[in-house]
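Here's the letter readout for the chains.
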Amino acid sequence: DAMVIQNPRYQVTQFGKPVTLSCSQTLNHNVMYWYQQKSSQAPKLLFHYYDKDFNNEADTPDNFQSRRPNTSFCFLDIRSPGLGDAAMYLCATSRDLRQTPIQETQYFGPGTRLLVL
Amino acid sequence: AQSVTQPDIHITVSEGASLELRCNYSYGATPYLFWYVQSPGQGLQLLLKYFSGDTLVQGIKGFEAEFKRSQSSFNLRKPSVHWSDAAEYFCAVGAGNNDMRFGAGTRLTVKP
C-alpha cells in the first residue's frame with residue numbers, strides 16, 4: 001500500500017544533542033510537510049517542501065532544519081533540542097500540481113514522538 | 001489567513017448514541033474543509049473533506065459532515081457511535097495553497 005512512513009516511532013535524545021527524524025513516502029507526492037504537535041494541541045506547521053523548494057513558516061525556530069534529498073525522503077533536523085521541543089512530529093504529503101487553486105488533501109504518517117532528557 | 005475553532009475540548013457520549021462535533025471556520029473565500037481523526041499515539045487519518053458541490057459530505061467509518069456557509073460551520077456527525085470511535089478529532093481549513101490550519105481538536109470519550 002502507498003503510504004507515509006516515519007522512523008523511528010519513538011526517539012529519545014539528550015538536551016542539546018542533535019537529532020534527526022526521518023520521513024519517506026511511496027505516494028510520489030511532490031509536497032512534503034513537517035508538523036509539530038504538543039500534547040493536547042493542534043498540529044503546527046513547521047515548514048514544507050514544494051518539490052525542492054523549501055518554505056519555512058515565519059515562527060519556526062532556527063533550531064529546526066529540514067532536508068529533502070529526493071522526492072521520497074524528507075528529514076527533520078533539530079540542532080540543539082530543548083525540553084520544550086518534546087512533542088509528536090508528524091510528516092505529511094500532498095500532490096500539488098498548481099494547475100488549479102485547489103487545496104490538495106494531506107496524508108499523514110504515524111508520527112515520531114520525541115522525548116528530550 | 002484562515003482559522004478554525006472547535007468549541008468543544010472534550011465530549012462524552014454513550015455507545016450507540018448520536019454524535020455531533022462542532023467546527024467553525026474563518027476565511028474570506030471558498031474554504032477547503034477537512035476532518036481528521038487521531039487515535040492515541042498515532043498520526044492523522046482523513047475522515048472526509050469538502051471542496052465544492054453537495055454540502056453534505058460522506059466519509060469513512062460512517063461519518064458525515066455538512067458545510068453551512070451562512071454559519072461558517074462544518075460540523076461532523078455520526079448517527080450511532082461505536083467504542084472504537086474514541087479518539088481526537090481535528091477540523092482543518094485550507095486556503096487553496098499548501099497552507100492548512102487545524103483546530104485545537106475535540107477529544108471524544110465513548111461510555112459503554
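The coordinates are above.
Keep in mind the model is a prediction, meaning the values are calculated, not measured.

Rules used in this analysis
- Residue positions within a chain follow its written sequence, with the count starting from 1.
- Both sets of labels track the order of writing: A upward for chains, 1 upward for ligands.
- Only residues with pLDDT of at least 70 are given local features in this predicted model, and only at 80 or more are side-chain atom pairs given and counted; all residues enter the totals for whole chains, interfaces and linings.
- Values reported for side chains reflect all heavy atoms of the structure, with hydrogen atoms and water molecules removed beforehand.
- Secondary structure counts use DSSP, requiring at least four H or I residues in a row for a helix and at least two E residues in a row for a strand, with both numbered from the N terminus.
- It is over C-alpha atoms that the radius of gyration is taken, and the globule rule equals 2.2 Å times the number of residues to the power 0.38.
- Burial classes follow relative accessibility: with a 1.4 Å probe on protein chains only, a residue under 20% of its type's maximum area counts as buried, one over 50% as exposed, and anything between as partly exposed.
- Residue contacts are defined here by distance: any two heavy atoms, one from each residue, within 4.5 Å place the two residues in contact.
- Accessible area that two parts lose when put together, with a 1.4 Å probe and added across both, is what the buried area reports.
- Basic side-chain nitrogens of Lys or Arg form a salt bridge, by our definition, when they fall within 4 Å of a carboxyl oxygen of Asp or Glu.
- Disulfides are defined in this document as cysteine sulfur pairs within 2.5 Å.
- Pairing between two strands requires that DSSP report at least two bridges joining them.
- Here, the term nonpolar core denotes a set of buried Ala, Val, Leu, Ile, Met, Phe, Trp, Tyr and Cys residues that are joined through side-chain atoms within 4.5 Å.
- The axes are straight lines fitted to the C-alpha atoms, using for helices just the contacting stretch, and the angles between their N-to-C directions are given from 0 to 180°.

## Focus on the overall build of chain B
What chain B contains, in helices and strands, is 0 helices and 12 strands. In chain B, the order of α-helices and β-strands from amino to carboxyl end is β-β-β-β-β-β-β-β-β-β-β-β. Whereas a compact globule of 112 residues would reach a radius of gyration of roughly 13 Å, chain B reaches 13 Å, a difference of no more than 12%. Dimensions of chain B, computed from the C-alpha atoms along their principal axes, are close to 40 × 30 × 20 Å. The buried share of chain B, reckoned over its 112 residues, is 48%. When contacts within chain B are restricted to residue pairs at least 6 apart in sequence, long-range pairs at least 24 apart make up 54% of them.

## Details of the interface of chain B and chain A
Residue-level contacts link 23 residues of chain B with 27 residues of chain A. Buried area between chain B and chain A, both sides added, is near 1,800 Å², and the carbon and sulfur share of it is 49%. Three residues, B:L44, B:N98 and B:F102, lead the burial of chain B against chain A; their summed loss comes to 32% of the area buried on that side. Linking chain B with chain A are 0 salt bridges.

## Observations regarding the state of the cysteines
Enumeration over the complete set of coordinates arrives at 2 disulfides over all chains. Across the disulfide, A:C23 is cross-linked to A:C91 (sulfur-sulfur distance 2.0 Å). Looking along the S-S bond of the A:C23-A:C91 disulfide, the torsion reads about -70°, which is the left-handed sense. Separated by 68 residues along the polypeptide, A:C23 in strand β3 (residues 19-25) and A:C91 in strand β9 (residues 87-94) bring together distant segments of the chain. For the pair A:C23 and A:C91, a shared accessibility class is recorded, and that class is buried. The residue that forms a disulfide with B:C23 is B:C91, at a sulfur-sulfur distance of 2.0 Å.

## Things to note about the pairing of strand β5 (residues 32-38) of chain B
All names here are of chain B. Most of β5 sits out of view: 7 of its 7 residues are buried. Burial along β5 is two-sided: Y32, F34, Y36 and Q38 and L33, W35 and V37, pointing in opposite directions, are all buried. Pairing between β5 and strand β10 (residues 87-94): 7 bridges, direction antiparallel. Pairing of V37 across the sheet is with Y89, part of β10. Note: β5 against strand β6 (residues 44-50), 6 bridges, orientation antiparallel. Opposite Q38, over in β6, you have L44 as the bridge partner.

## Re the nonpolar core
Buried together is how nonpolar side chains tend to be arranged in soluble globular proteins. Residue and element names in this part refer to chain B. Among the nonpolar cores identified, the biggest contains 26 residues, and L19, W35, L47, L48, F74, L76 and Y89 are the most heavily contacted of them. Elements represented by at least two residues in this core include exactly β2 (10-14), β3 (19-21), β5, β6, β8 (64-68), β9 (73-78), β10 and β12 (106-111). Of all the elements, β10 adds the most residues to this core, at 4 residues. In this structure, Y32, A92, M100 and F102 belong to the second largest nonpolar core, which totals 19 residues.

## Examining the sheet that holds β3(A)
Residue and element names in this part refer to chain A. Strand order in the open sheet formed by 4 strands is β1-β3-β8-β7, and the pairing between neighbours is antiparallel. Both outer strands of the open sheet, β1 (4-7) and β7 (64-67), are each paired with one neighbouring strand and no more. Geometrically, the sheet is characterised by an average inter-axis angle of 20° between neighbouring strands, direction not taken into account. Of the pairings in the sheet, the one linking β1 to β3 comprises 4 bridges and is antiparallel in character. From the neighbouring strand, Q6 faces β3, where its bridge partner is C23.

## A short note on the environment of B:L21
Residues and elements named next belong to chain B. Residue placement: L21 occurs in strand β3. Spatially, the C-alpha atom of L21 lies 5.0 Å from that of L76, the residues being 55 residues apart in sequence. Beyond its immediate stretch of four places on either side in the chain, L21 contacts I11, W35, N75, L76, Y89 and T106.

Bear in mind that shape data such as this cannot, by itself, settle questions of function.
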